[in-house]
Structure formats: C-alpha cells, structure tokens
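Chain residues, written in single-letter form:
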Number of protein chains: 2
Amino acid sequence: MPPRLCLSRCALLVLLGCSVSAFAQTEEDAQPKPPTAAEALAHSPPEHWRQVPADRLVYLELDSGRVVIELAPEFAPKHVEQVLSLIADSYFDGLAVLRSQDNYVAQWGDPLADDAEAARSRGEAAERLVAEFDQASEAVGPFTALPDGDIYAPEAGFIRGFPAARDPRSGRSWLAHCYGMLGAGRDESPDSGSAAQLYVVTGHAPRHLDRNVTLLGRVLEGMPALSILPRGDGALGFYIPAQKRPAIRRMVLASALPEAEQIAFEVMRTESASFARWVEARRFRREAWFAHPAGRIEVCNVSVPTRRIEAADH
Amino acid sequence: MPPRLCLSRCALLVLLGCSVSAFAQTEEDAQPKPPTAAEALAHSPPEHWRQVPADRLVYLELDSGRVVIELAPEFAPKHVEQVLSLIADSYFDGLAVLRSQDNYVAQWGDPLADDAEAARSRGEAAERLVAEFDQASEAVGPFTALPDGDIYAPEAGFIRGFPAARDPRSGRSWLAHCYGMLGAGRDESPDSGSAAQLYVVTGHAPRHLDRNVTLLGRVLEGMPALSILPRGDGALGFYIPAQKRPAIRRMVLASALPEAEQIAFEVMRTESASFARWVEARRFRREAWFAHPAGRIEVCNVSVPTRRIEAADH
C-alpha cells in the first residue's frame, strides 16, 4: 500500500474491518484491551444479529442509486402505517426529490402537493397524522445506553438498532437525528405531517430536531444516492428550476417484490454483547494509527453494524 | 409559500436569517427571550466581524465548484507555512481528489506521490512535519466556551472563529473535527504528515480524530463542491479506476490574485456579544415551528456566521 495514500486509510481501518496487530502504547495498555472493531465483528455469533423483516424494508430508487431503509414502527406506528399505504399505492413512484440542503437533509414528495387539482391522490391516506415525537420507554424495546453522556438528552444509546435518546424522568424515548435517519416533514402544527413528504439526514446530526419531527426509520445502505445529489439553488436547498429535481423511480417494499429481487439485510442486535464490544472498539481505537484514542463516543458516531445476507443464507 | 413545501423550511428559517414573529408558547416565555438567529445577525455591529486576511484565504477550484478556505496558522503554523509554500509553487494545480468516503472526508493530493520518479516535485517543502495536534491555550487566542459540555473534551467552544476544544488541566487547546474542517493526512507516525495531502470533513463530525491529525483551516463557502463528489468505489472511498478522480483545477491564495478576482469574507468574532447571542439563538430556537426547543447545543452544530463582503465595502 503506498504510504502516502495510506494517510487516512489507517484512521479508517476500523470502519472496514481490517485488523491491525500493533497497538498504541498508552497508559491504557495496562488495562484489559478492548477489541478492535474488526474483532468485534469477526467474533459476533449469528444470534447477535437480526434479519430485517421484508415488510419493514423499503427500497427508494433514484437515478443516483438505491437507498435501503428500515422502518421503525415501534417509534412511529401511524407514520409507518401511512408510508406503507402510500408505498402500496405506488404514491412516490415518479415523484421527485424537492430539496437537498448541504450538511442537512434531502427531502422528497409531490412537487404539486399543494395544488388541489394537480396533486397526486393519496388514496386512503390521512391528511394529517398525530405527531409521534416520542414514545413510552417501556413500549419501544430494550435501551442500550452509551457511557459517555449526551449533549441533547439525559441518556443516549440504541433501541432495536436505532440511535435513540431517553429521559428516565418522563419515561419517554425517542429516535435521534443522526446521519441517515428518515423523518416525515411537517408544517408549523406538530400534527401537520402526513408522511407524504419524507427526508433523510445527509449531514452532521441536527439533534435540535429531535422530538420536533417524527422519525420513522433509518437508511441501512445506499446513502450516497442521496448525499451526492446536487444541492438545490433555492432557499433551504429547494431545487430551482423544477427541472433540476432528481426523479424518484420508485419506492417499494421488499416483501412486495419477487423474492429474487429482494436484498436481505441483517443488523447487529444493539442489546447484544457483540454490540457492546463494537461500542468499546469505537470508543477506544486501538489501531496503531491513533496517537490519542478518544476513549469516548457520541451516539451519532457509533454506526450500527449492518450487512447484506448472501443469497445462499436465506 | 405552499404549506407542504414549507415542511422543513420552518425548521430552517433560523439558518437563513428569515425572521418569524410568532414564538413557541413554552415555560421559557417567562424568561427574557433570547434573540432569533436572524435577530442576532441583524443586530451585529461591524466591529463584531473580522475580515479574513487575503493571505489566509485559499480558493480550491474543482469542476464541481470553488471551495473557500480560511487557514488557521495559530493552530498549525508549520503546516500552514508548508501549504502556503506548496500553493505558491502551484503544487496542487492539476492534481486530483483521491478519495471521497461517504459521511467522512474528501481528500486530495498527488496520485503519484509514492512513485519517486513520477511524483510531482514539492520544491522546498519538508518531507515530514512535526505533528501540530494541539497548542498551548494561551498561544491560540481567546476561548469562548459553550455552556452545554462536550462528549470528547473537557470544554468545547470557539477560538478565532474555529470550533475548538480545551483541556484546562493540561493547558492545551485544539481544533475540532466538525463538518468543513481542513486537515492534513498522515501515515502511522504522528510526524509523517507533509501537508501535501489534504482532506475536508464532509460528514458527521469524526471527533475521534481530534488530536490525531493536524487540522489547519476551515471551509468558509463552497462545501458542496466537495460534498457532492461521487463517492469512490474503492476501500475508504478511494477512486477506482483512477480516471474517476475529480481534477483539481487550481488551489490558490487570494492575496496572490489580482484584486478583481479576490472574494473577500468576514467571519463573526466568536468572542463578541453578537456571537453569544447567535449561540443562544441556536440553543433555544424560538421560531414557532419548534415544539421542543432543545435549549442546548453541541459545538459542531453552532456554525459560525460567515459572509461575503460586497465589492463596494472593500
């Protein structure tokens, strides 16, 4: 490997599962060593992974590529139900990305939604949905807390593979606006979202949006199809002129496709021992490149291990 | 404004300086109201801004657009000196972006740097530079601390308009790996960087890189020219085949250009009262859209106000 091209390869081995045999000589060497990220992955048994059900797996297809999304009905049951209904009606097919704002979000829907005569029919879908900003903690699943705190919430961590936050005092939990999270746009009233206009976070986590917009899923693969879209020239990244809007080929549910067209994914169980090791590997980077391993991590920097299931496996 | 397109416009008014006259009715209404971001900008007197010296202002020009960078010699004097020397030698002109890794960095330099015969000459530039990961706090300028803490450092805030962190115990300060920060790639040895290969953060802040790589500047304008680059197909986003590498037209210093070609910028002084108001406006979003203003903020979500100086002004 040419050394100068290695420059940041070394920094990133951890992301790619390469193993490095030399360790930083630091005071932490006296402690039992945490695994590297590669080791945490390599030693994870199958039961520490869960397959994403095909009826929660959505493919958003653009000219720039395919985005694979896992829906999170435990956090936003009404929004997920409505998105599934819209998808079943092929509502999004042929619509467009309306805005791409740098370091923020890409958002898609019907450009003519506000023109009663020209707007695409939303079929049985409700006009407005009650906000699903947070849920009772006992209803959403086991919470794996991170040890280093959070700026925006009393606790941050993971629930069912999704980055989340929790307030023990109120007993409420909510999804966190990390890179790749899927949300439902709304107007000024909290209950004005309809899940007919969706966005994905494409920049640094805008955590100030937590509990202000309903989040309903997470991108598992294919972020570049959204993140490399040209930014819109209008305010807030809206595309002007309209011809610049990237088209949505289709937005489909995996389970509605012939089996041969389905791509199956599994996500590491965030309540597993393997995930605990993964988090430790990300907190304390043991690879030789690191002069000052942080020893700490913030929720949106963890990234939950996700992988395709090879066809032979399912 | 069509209401459904407004969905996230409302969330973002604050970023664009639009004013909103209705405020969220919350318990905070009993307190003196912080300004909106628009008000913080509108009421900032000229002395709360500083013009970026033209000999610290760099234009990186790609087919995808122009990236304007402010160098930070207080934090990385040797690296900045070396970059200025390389730029003066037109070293980067005609080289290429070597990698674009999604949610991480775009990195550029000489694709042939490791081929002694084919590599571009670096002239007087040193082969290796001593790492400049941090500096004595008293040497880098006044520190404006944020009130809500930081996951990665004892204190986080701003110094001279740059996101930074500080350890009062060690008396050291360092730049923070936020979106848009400029760094110098290196090999495994901390002192192996040469500033001939540079990167910009194009994703969620990889704060675990703080004090592991030398940061030497910040993008003031033009991030999309880097952030929309296609991601490389190779490991870590390296472009394969080589033909896919985006070309660098040139990397020039503003002060070396004819005055008519210079674009002048000013940055809000982060030690000013206007910046304190800006931070408050970002911590507590008073705009009506927000159902739950966070009341807190993390360093990489602040974004320091930066603006072009109109030609008539200078």
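Residues numbered from 1 in each chain as written. Chains lettered and ligands numbered in written order. Predicted model: local features only at pLDDT ≥ 70, side-chain atom pairs only at ≥ 80, totals over all residues. Heavy atoms only, no water.

### Digging into the pattern of salt bridges
Pairing of side chains with opposite charge becomes possible as their charged atoms draw close. Heads up, the condition is: Put simply, a salt bridge is a Lys or Arg side-chain nitrogen that is within 4 Å of an Asp or Glu carboxyl oxygen. Numbering of helices and strands runs from the N terminus; a helix is a DSSP stretch of H or I covering at least four residues, while a strand is a stretch of E covering at least two. When accessible area is computed with a 1.4 Å probe and restricted to protein chains, residues below 20% of their type maximum are described as buried, those above 50% as exposed, and intermediate ones as partly exposed.
Scanning all chains against the criterion turns up 38 salt bridges over all chains. Between Asp150 of chain A and Arg207 of chain A there is a salt bridge whose closest N-O contact spans 2.9 Å. Placement of Asp150 of chain A in the loop between strand E7 (143–145) and strand E8 (155–159) and of Arg207 of chain A in the loop between strand E12 (198–201) and strand E13 (214–221) is noted, with a sequence separation of 57 residues between them. Judged by relative accessible area, which is 4%, Arg207 of chain A ranks as buried. Notably, a salt bridge pairs Arg307 of chain B with Glu266 of chain B, separated by 2.8 Å at the nearest N-O pair. Of the two residues, Arg307 of chain B is situated in strand E16 (residues 306–308) and Glu266 of chain B in strand E15 (residues 265–268); the sequence distance between them amounts to 41 residues. Beyond isolated ion pairs, a larger network of salt bridges with shared partners links Asp148, Glu280, Arg283 and Arg296 of chain A.

### A word on the pairing of strand E2 (residues 57–62) of chain B
If a strand is regular, its side chains alternate between the two faces of the sheet. Residue and element names in this part refer to chain B. Selection criterion: Here a strand pair is declared whenever DSSP counts at least two bridges between the two strands.
Most of E2 sits out of view: six of its six residues are buried. With six bridges connecting them, E2 and strand E3 (residues 65–71) associate as antiparallel partners. Note that in E3 the partner of Leu60 across the bridge is Val67. Here E2 folds back onto E3, and the loop between the two strands holds two residues.

### Considering the interface of chain A and chain B
As a reminder of what qualifies: Throughout, a residue-residue contact means that at least one pair of heavy atoms, one from each residue, lies within 4.5 Å. The term buried area refers to how much accessible surface (probe radius 1.4 Å) is lost by two components on association, counted for both of them together. Polar contacts, as used here, are pairs of N or O atoms within 3.5 Å; protein pairs need one atom able to donate a hydrogen and one able to accept it. Residues neighboring in sequence count only if both atoms are side-chain atoms.
On the side of chain B, 69 residues touch chain A, which itself brings 70 residues to the contact. When chain A packs against chain B, close to 6400 Å² is buried across both sides, 58% of that on carbon and sulfur atoms. Our count for the contact surface shared by chain A and chain B stands at zero salt bridges. If you look at where chain A meets chain B, you find 31 residue pairs in polar contact (both at pLDDT 80 or more). Looking at the side of chain A that touches chain B, the elements with two or more residues in it are helix H1 (3–6), helix H2 (9–16), strand E4 (96–100) and helix H6 (224–227) of chain A. A per-element tally of the side of chain A that touches chain B places H2 of chain A first, with five residues.

### Concerning the relation of the copies chain A and chain B
To keep things clear, this is the line we draw: Each copy is superposed on the other by least squares, with the fit set by C-alpha atoms of residues at a pLDDT of at least 70 in both.
Each copy of the sequence occupies a distinct position, and chain A is placed on chain B by a rotation of 180° and an axial shift of 0.0 Å, giving an RMSD of 0.0 Å. Overall, the copies show the geometry of a two-fold rotation axis. Mapped onto chain B, 99% of the interface residues of chain A again fall at the interface, so both copies present the same surface.

### With respect to the confidence of the model for chain A
Residues and elements named next belong to chain A. This is how it is decided: Per residue, pLDDT measures the predictor's confidence, with a range of 0 to 100.
Residue-level pLDDT values for chain A average 90, and 89% of them are 70 or greater. Across residues 1–29, where pLDDT falls below 50, the model places 70 contacts with residues more than four positions away in sequence or in other chains. Of the two predicted TM-score estimates for the complex, the pTM is 0.91 and the ipTM is 0.91.

### Observations concerning the sheet that holds E16 of chain B
All names here are of chain B. Stated precisely, the cut-off is as follows: Axis lines are fitted to C-alpha atoms, over the contacting stretch for helices. Their N-to-C directions set the angle, which ranges from 0 to 180 degrees.
Pairing is antiparallel across the open sheet formed by three strands, whose spatial order is E1-E15-E16. The open sheet has two free edges, formed respectively by strand E1 (49–51) and E16, since each of these has just one partner strand. Each strand axis lies, on average, 25° off the axis of its neighbour in the sheet, ignoring direction.

### Thoughts on the state of the cysteines
All names here are of chain A. Applied cut-off: Throughout, a disulfide means two cysteine sulfur atoms within 2.5 Å of one another.
In the structure shown here, the tally under the stated rule is two disulfides over all chains. The side chain of Cys178 participates in a disulfide bridge whose partner is Cys300; the two sulfur atoms lie 2.0 Å from each other. Around the S-S axis, the bridge from Cys178 to Cys300 shows a dihedral of about -75° and counts as left-handed. Remark: Cys300 occurs in the loop between helix H7 (273–283) and strand E16 (306–308) and Cys178 occurs in the loop between strand E10 (172–175) and strand E11 (181–184); sequence separation between them is 122 residues.

### Quick look at empty space enclosed by the protein
As a reminder, the rule being used: Points on a 1 Å grid, built from protein atoms alone, make a cavity when a 1.4 Å probe fits but cannot get out and make a pocket when they are open with protein on both sides within 12 Å along at least 5 of 7 lines; residues with an atom within 4 Å of a point are the lining residues. Grid points are joined across faces, edges and corners, and a volume is the space filled by probe spheres set on the points. Gly is placed with the polar residues, together with every amino acid not listed as nonpolar (Ala, Val, Leu, Ile, Met, Phe, Trp, Tyr, Cys and Pro) or charged (Asp, Glu, Lys and Arg).
In total, this model carries seven cavities of 30 Å³ or more according to the counting rule given. Lining the largest cavity are His292, Pro293 and Ala294 of chain A together with Tyr152, Ala153, Trp174, Arg207, His208, Asp210, Arg211 and Asn212 of chain B. Here the lining of the largest cavity is composed, by residue class, of five nonpolar, three polar and three charged.

### Remarks on the pairing of strand E9 (residues 162–167) of chain B
Residues and elements named next belong to chain B. With five of six residues buried, E9 is to be regarded as a mostly interior element. Of the strand pairs in this sheet, strand E8 (residues 155–159) and E9 are connected by five bridges, and their pairing is antiparallel. Looking at E9, one finds that Ile159 is bridged to Phe162. A loop of two residues connects E8 with E9, the two strands running antiparallel in sequence, and Arg160 in this loop sits at a positive phi of about 55°. The loop that links E9 with its antiparallel partner strand E10 (residues 172–175) comprises four residues; one of these, Gly171, has a positive phi angle of about 70°.

### Quick word on the sheet that holds E7 of chain A
Taken together, the five strands give an open sheet; going across it, the order is E6-E10-E9-E8-E7 (chain A), and neighbouring strands pair in antiparallel fashion. The open sheet has two edge strands, strand E6 (135–136) and E7 of chain A, and neither has a second partner.

### Remarks on the side chain of Ser274 of chain A
All names here are of chain A. Its place among the elements puts Ser274 in helix H7. Ser274 sits in the buried class, given a relative accessible area of 0%. For Ser274, the side chain forms a polar contact with the side chain of His48, separated by 2.5 Å. Setting aside chain neighbours within four positions, we find Ser274 in contact with Ala40, His43, Ser44, Pro45, His48 and Met268.

### Things to note about the packing of aromatic side chains
All names here are of chain A. Convention followed: Two rings belonging to Phe, Tyr or Trp (six-membered ring only in the last case) form a pair when the distance between their centres is within 6.5 Å. Interplanar angles under 30 degrees mark stacking, angles over 60 mark edge-to-face geometry, and anything in between is tilted.
In this structure the tally under the stated criterion is eight aromatic pairs over all chains. On the numbers, 6.4 Å between centres and 65° between planes, the contact of Phe75 with Phe162 is edge-to-face. Taken as a pair, Phe75 in the loop between strand E3 (65–71) and helix H4 (77–88) and Phe162 in strand E9 (residues 162–167) lie far apart in primary sequence, 87 residues in all. An identical accessibility class is assigned to Phe75 and Phe162; each is buried. Where Tyr91 meets Phe92, the ring centres are 5.1 Å apart and the plane angle is 80°; that geometry is what we call edge-to-face. A single burial state applies to Tyr91 and to Phe92, both of which are buried.

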